[in-house]
Structures are given as structure tokens and as C-alpha cells.
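# Structure assessment
Each chain is listed here by its residues.
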Amino acid sequence: MKLITDRLVLRHFRADDAAAFAALNADPTVMRYFPSTLTREVSDGFLAKIIDYYKDHPDGWLAAEAEGAFIGFIGTSEIGYETPFTPATEVGWRLIPSVWGKGYATEGARACLDAAFAHGLDQVVAMTTVQNTPSQRVMQRLGMRYDPMDDFDHPSLPPESPLLRHVLYRINREEWLASGTG
Ligand SMILES: CC(C)(COP(=O)(O)OP(=O)(O)OC[C@H]1O[C@@H](n2cnc3c(N)ncnc32)[C@H](O)[C@@H]1OP(=O)(O)O)[C@@H](O)C(=O)NCCC(=O)NCCS
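Rules used throughout
Residues numbered from 1 in each chain as written. Predicted model: local features only at pLDDT ≥ 70, side-chain atom pairs only at ≥ 80, totals over all residues. Heavy atoms only, no water. Helix = DSSP H or I, 4+ residues; strand = E, 2+ residues; numbered from the N terminus. Rg over C-alpha atoms; globule rule 2.2 N^0.38 Å. Buried < 20%, exposed > 50% of the residue type's maximum accessible area, 1.4 Å probe, protein only. Contact = heavy atoms within 4.5 Å. Areas by Shrake-Rupley, 256 points an atom, 1.4 Å probe, with all protein chains shown as cover. Lys, Arg positive; Asp, Glu negative; His and termini not counted. Charge placed at Lys NZ, Arg CZ, Asp CG, Glu CD. Near = heavy atom within 4 Å. Polar contact = N/O pair within 3.5 Å; in protein donor to acceptor, adjacent residues only side chain to side chain. Nonpolar A, V, L, I, M, F, W, Y, C, P; charged D, E, K, R; others polar. Core = buried A, V, L, I, M, F, W, Y, C linked by side-chain atoms within 4.5 Å. Phe/Tyr/Trp six-rings, centres within 6.5 Å; stacked < 30°, edge-to-face > 60°. Lys NZ or Arg CZ within 6 Å of the ring centre and 35° of its normal. Expected span 1.5 Å × (residues − 1).

Another point: the overall build of the chain. Along the chain, the regular secondary structure elements total five helices and nine strands. When the helices and strands of the chain are read in sequence order from the N terminus, they spell out β-β-α-α-β-β-β-α-β-α-β-β-β-α. Taking 16 Å as the expected radius of gyration for a compact globule of 182 residues, we find that the chain reaches 16 Å, a close match to that expectation. Its C-alpha atoms put the chain at 40 × 40 × 35 Å along the principal axes. By residue count, 49% of the 182 residues in the chain fall in the buried class. A fraction of 62% describes how many contacts in the chain between residues 6 or more apart in sequence connect residues 24 or more apart. Approximately 9200 Å² of the chain is accessible, and the part contributed by carbon and sulfur atoms is 54%. The average position of the 17 basic charges and that of the 24 acidic charges among the side chains of the chain differ by 5 Å.

With that settled, the discussion passes to the site of the ligand. Close to the ligand lie 21 residues, the nearest being Trp93, Leu95, Gly101, Ala105 and Thr106. Lys102 is positioned such that a nitrogen or oxygen atom in its backbone is 3.3 Å from an oxygen atom of the ligand. In the model, an oxygen atom of the ligand is placed 2.5 Å from a nitrogen or oxygen of the Thr106 side chain. Starting from 940 Å² of accessible surface for the ligand in isolation, the protein chains cover 71%. Among the elements of the structure, strand S5 (89-95), helix H3 (104-118), strand S6 (123-129) and helix H4 (133-141) are those that each provide at least two residues to the shell around the ligand. Looking at which element gives the most residues to the shell around the ligand, the answer is H4, with five residues. For the shell around the ligand, the class distribution of residues is ten nonpolar, six polar and five charged.

Let us look at the nonpolar core. Grouped burial of nonpolar side chains is what soluble globular proteins tend to show. The biggest cluster of nonpolar side chains holds 45 residues, and the ones touching the most others in it are Phe13, Ile74 and Trp93. Examining the composition of this core, we find that nine residues originate from one element, H3, more than from any other. Not counting residues up to four positions away in its chain, the partners in contact with Phe13 are Phe21, Leu47, Ile50, Ile51, Tyr54, Trp61, Leu62, Ala63, Phe70, Gly72 and Phe73. Residues Ile79, Ala88, Phe152 and Leu168 belong to the second largest nonpolar core, which totals seven residues.

Before going further, it helps to examine the packing of aromatic side chains. Tallied over the entire structure, the rule returns nine aromatic pairs. Both rings, one in Phe85 and one in Phe152, keep their centres 4.8 Å apart while their planes meet at 70°; by these two values the pair is edge-to-face. Of the two residues, Phe85 sits in the loop between strand S4 (69-78) and S5 while Phe152 sits in strand S8 (residues 152-153), which places them 67 residues apart along the sequence. Take Phe85: its relative accessible area is 8%, and that puts it in the buried class. In textbook terms, an aromatic cluster arises when at least three aromatic residues are bridged by ring pairs, as seen for Phe13, Phe21, Phe46, Trp61, Phe70 and Phe73. Lying across the ring of Phe34, Arg94 places its NZ or CZ 4.6 Å from the centre.

Taking 1.5 Å per residue as the helical rise, H3 with its 15 residues ought to reach 21 Å, and the 21 Å between its terminal C-alpha atoms agrees with that figure. A large share of H3 lies buried, amounting to twelve of its 15 residues. Inspection of H3 places Tyr104, Ala105, Thr106, Glu107, Gly108, Ala109, Ala111, Cys112, Leu113, Ala115, Ala116 and Phe117 among the buried residues, and these make up the whole buried set. Just downstream of H3, Gly120 is the residue with a positive phi angle, here 100°.

Here it is in C-alpha cells:
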């Protein structure tokens, strides 16, 4: 899948994105709400999984380019672990700090939500740790709904992790179409 917005190209990742993807994942500012930065080996493994996912799915994490340069990823992907709200598809984003504050995450995610609902999904969720307010602001700008009853402990984090508690935002097709942003 390739999505084009006013300022962005969202395209499938390729093997030759590995170095730029690893630099994104090794940046402590980018990863400040994650348990750790990723080593080159772990980043390469993640990239291989992202590329493999395209085989069976119309969507996935997409490489984002602005002015022809790699700026991170935006996309939708099925959640691969069990929680009270799965099975579900999430929308997510991770961009290099030099492009924060320009609306790129919101612009790219809008295109992904349009595509997700056009492909027949009924609902898309987004999640992040309670401390990650920049990411929650993207969810709010997209018109996603927060219900404190949906807060959950992330199953892949240890119980003592300060990042354990997560918020969940949701949007369904009717809400997306009614919002007029789609
Ligand atoms: C989460 C993340 C993508 C948010 O980036 P961001 O730049 O704040 O979000 P957007 O791209 O939507 O930009 C919105 C900001 O740009 C501003 N902006 C400027 N021009 C804009 C435009 N044309 N359209 C919309 N917003 C614009 C908005 O006012 C807003 O700033 P504010 O939050 O201070 O009000 C970024 O912080 C990030 O990559 N973090 C690291 C990875 C991460 O935590 N990912 C999420 C894990 S769940």
C-alpha cells in the first residue's frame, strides 16, 4: 500500500531502509516512552517483521517520507498480543524529532484511517503509556475517543515498569465519517 498526502508519502518499508530505521529506533528522545532504545539487531528484526506482515495484510507500518527523506513510520497494524480489547487494529506513529511539531503524524494517520475504513474495518484503536502526552494529542486531533475504563497494563511490560499503565483511544467507521476529517 502507498498513501500520498499533501506533504507525505507513506510506502512499504524496504530492506534498504534498515540504517535509517535503526537510527530512529536508537534515538533516546524518540524512545523516551519505551522501555529502551533498540539495538541494530533488534531494529533489523522488527523491520523484517514489518516487511513480512505486508504479505498477508493490506496495511502495516509504513515508511514515512517528507520532501523525499525518511522521517519515521506511520501506519495501522493488527495487535499481536492479547488484551481485553483484542483482536483489534491499531494506528501508530514514530517520527524523528527534527520533524515534530509540523502535524506530520496527524496528517499521515488520517490517511491511514481513511484507508483502514475503506478496507472495511469497523474500528481502529490507538494506545500509549499514560505519560506519552504528545502521542495522546495526536489521537485527540484524529477525533479518537478516550474512556478511562479502557486503561490497561501492557502485557509485554514487567509489572514494576513505570510505563506499565496504558491508555486506549478508539474510533469507529461511523465516527470517522461523521467527523468530516476522513
Ligand atoms: C508522537 C509523535 C509522533 C507526535 O509528534 P507531533 O509532531 O507532536 O505530532 P503531529 O505530527 O501531529 O504534530 C502536531 C503538532 O504540530 C503542530 N502543527 C504545526 N503545523 C501543523 C499542521 N499543519 N497540522 C497539524 N499540526 C501542526 C500542532 O500544533 C501540534 O503541536 P502541539 O502538540 O504542540 O499543539 C512524536 O512525538 C514521536 O514520534 N514521538 C516518539 C515516538 C512515540 O512516542 N510514538 C508514539 C508511541 S505510542
